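Structure at a glance
Residue strings, one per chain:
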Amino acid sequence: MLQLPQVYLIHADDAPQHQGRLQEILQQLQAEQRISNFHTLRHDAVNTLKDQAQNHDLVLTLLTYELASFIKHLEEIVQALRVEQPEVKTAEVIVDNLPYHNDFITFPADLKPIRSRDDMDAVWQDIKLQLQQMLPVQSEPTHPTSISIATIANIIFGSTIVIVLLTFLFAMSASD
């Protein structure tokens, strides 16, 4: 069975509109079979992350002013998680003018805070496209045994028809 990654969105309460935009994007990624689910975690509940996230999951932090005093703690937890689960992806979305972590994937690509933009919609559209590239559509692999069984069934069915037709033609020619 195919296992899609999950997304863990770490946030504070000072940017509900940005959190909402990101959740809309994550819902679309889920509908497109790019992720299995997403979970929102307030910054003060991030300690549970190490028990939840697994390899290939994405931990995404919304960098807002309310997180400023928690950033060091958040980075320590996420770094520890990456040691335990080295294939966990980590990313940050710069909403406010805060320092970002260079080892993480950073959105937007130009590193300018989203709130300082004239056209925030365009920035969110770019972030959506980058997340779609980072989390490709997943589909169930085709199993060769199921193809082989179908092919064999078709061969047997076709052979049976040929044998019945040949038997009928042979019986018709023998009666003449």
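These remarks concern the structure in this document.

**Some details on the side chain of Thr61**
Among the secondary structure elements, Thr61 is positioned in strand β3 (residues 58-63). Ignoring any residue separated from it by four or fewer positions in sequence, one finds Thr61 in contact with Ile10, Leu67, Leu74, Ala91, Glu92 and Val93.

**Thoughts on the sheet that holds β3**
Strand order in the open sheet formed by 5 strands is β2-β1-β3-β4-β5, with parallel pairing between adjacent strands. Of all the strands in the sheet, the pair left with one neighbour each is β2 (37-42) and β5 (105-107). The average angle at which neighbouring strand axes cross in this sheet is 20 degrees, direction not considered. Across 4 bridges, the pairing between strand β1 (residues 6-11) and β3 is parallel. Residue pairing for β3: Val7 is matched across the bridge by Leu58. On the sheet, helix α4 (residues 120-134) packs against β3, β4 (89-94) and β5 and is oriented at approximately 155 degrees with respect to β5.

**Description of the environment of Asp121**
By secondary structure assignment, the location of Asp121 is in helix α4. Remark: the alpha-carbon pair of Asp121 and Arg21, spanning 100 residues in sequence, is separated by 9.3 Å. Within the structure, Asp121 has its side chain in polar contact with the side chain of Arg21 (distance 2.6 Å).

**Things to note about empty space enclosed by the protein**
By the definition in use, this model includes 1 cavity of 30 Å³ or more. One number sums up the size of the largest cavity: a volume of about 70 Å³. Val59, Thr61, Leu63, Ile71, Leu74, Glu75, Val78, Thr90, Ala91, Glu92 and Phe104 together form the lining of the largest cavity. Listed by contribution, the elements that provide at least two residues to the lining of the largest cavity are β3, α3 (71-84) and β4. Element by element, the count of residues in the lining of the largest cavity is highest for α3, at 4 residues. Partitioned by chemical class, the residues of the lining of the largest cavity number 7 nonpolar, 2 polar and 2 charged.

**Observations regarding the nonpolar core**
One finds Leu22, Leu60, Val93 and Leu131 to be the most contacted residues of the largest nonpolar core, which totals 23 residues. Among the secondary structure elements, those contributing two or more residues to this core are β1, α1 (16-31), β3, β4 and α4. Here this core gets 5 residues from one element, more than from any other, and that element is α4. Every residue in contact with Leu60, bar those within four places of it in the chain, is listed here: Val7, Tyr8, Leu9, Ile10, Leu22, Ala91, Glu92, Val93 and Phe107.

**Some remarks on the pattern of salt bridges**
Between side chains of opposite charge, a pair can form as their charged atoms come close. Going through the model one piece at a time under the given rule, you end up with 6 salt bridges. The salt bridge partner of Arg21 is Asp121, with a shortest N-O separation of 2.6 Å. Residue Arg21 is located in helix α1, and its partner Asp121 is located in helix α4; the two are separated by 100 residues in the primary sequence. Judged by its relative accessible area of 27%, Arg21 is partly exposed. Arg34 is the partner of Glu32 in a salt bridge, and the nearest nitrogen-oxygen pair spans 2.5 Å. One salt-bridge network, held together by shared partners, links Asp13, Arg42 and Asp44.

**Section: unusual backbone geometry**
The linkage connecting Phe107 with the following residue, Pro108, adopts the cis geometry, with an omega of -10 degrees. If you trace the backbone, Pro108 turns up in the loop between β5 and α4. The residue Gln33 is not glycine, and still its phi comes out positive at about 65 degrees. Along the polypeptide, Gln33 turns up in the loop between α1 and β2.

Criteria and cut-off values
- Residues numbered from 1 in each chain as written.
- Predicted model: local features only at pLDDT ≥ 70, side-chain atom pairs only at ≥ 80, totals over all residues.
- Heavy atoms only, no water.
- Helix = DSSP H or I, 4+ residues; strand = E, 2+ residues; numbered from the N terminus.
- Contact = heavy atoms within 4.5 Å.
- Pairing = 2+ DSSP bridges.
- Axes fitted to C-alpha atoms, helices over the stretch in contact; angles between N-to-C directions.
- Polar contact = N/O pair within 3.5 Å; in protein donor to acceptor, adjacent residues only side chain to side chain.
- 1 Å grid on protein atoms, 1.4 Å probe; cavity = no way out; pocket = protein on both sides within 12 Å on 5 of 7 lines; lining within 4 Å.
- Points joined across faces, edges and corners; volume = space filled by probe spheres on them.
- Nonpolar A, V, L, I, M, F, W, Y, C, P; charged D, E, K, R; others polar.
- Core = buried A, V, L, I, M, F, W, Y, C linked by side-chain atoms within 4.5 Å.
- Buried < 20%, exposed > 50% of the residue type's maximum accessible area, 1.4 Å probe, protein only.
- Salt bridge = Lys/Arg side-chain N within 4 Å of Asp/Glu carboxyl O.

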